[in-house]
Amino acid sequence: MKNIEILFFGKLKETWNTSKLIRETTSHDIESLYFELLKEASETPHKQSIKVAINDEFVDWNTLINDKDVIAFLPPASGG
């Protein structure tokens, strides 16, 4: 079991109705964590448009999760 912190930014805060979760997980990588989190989401965001970071570094969906990681889900950037 890993203890992690999960941060949501932009519209993803609305999808999960929070900007931060502290939780224990058995997920081994980002993709499995994402599917675990979808059970609590108000809608299903388009995964391919989400960027993910672990401990302030962008990572791929197959990146392994370690205990005490801080994982951030970021929506696509919008310009103006």
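Shown above is the structure to which this text applies.
Keep in mind the model is a prediction, meaning the values are calculated, not measured. (Residues numbered from 1 in each chain as written. Predicted model: local features only at pLDDT ≥ 70, side-chain atom pairs only at ≥ 80, totals over all residues. Heavy atoms only, no water.)

Draft legend 1. Representation of the pairing of strand 5 (residues 70–74) in the model. Pairing between strand 1 (residues 2–8) and strand 5: 4 bridges, direction parallel. Note on strand 5: the bridge partner recorded for phenylalanine 8 is phenylalanine 73. (Pairing = 2+ DSSP bridges. Helix = DSSP H or I, 4+ residues; strand = E, 2+ residues; numbered from the N terminus.)

Draft legend 2. The arrangement of the sheet that holds strand 1 in detail. Read from one edge of the open sheet, 5 strands run 2-1-5-3-4, paired in mixed fashion. With partners counted over all chains shown, the strands left at the sheet margins are strand 2 (20–25) and strand 4 (57–59), one partner each. Averaged over all adjacent pairs, the angle separating strand axes in this sheet is 30 degrees, with direction ignored. Pairing of strand 3 (residues 51–54) with strand 4, which is carried by 3 bridges, proceeds in the antiparallel orientation. The partner of alanine 53 across the bridge, within strand 4, is phenylalanine 58. (Axes fitted to C-alpha atoms, helices over the stretch in contact; angles between N-to-C directions.)

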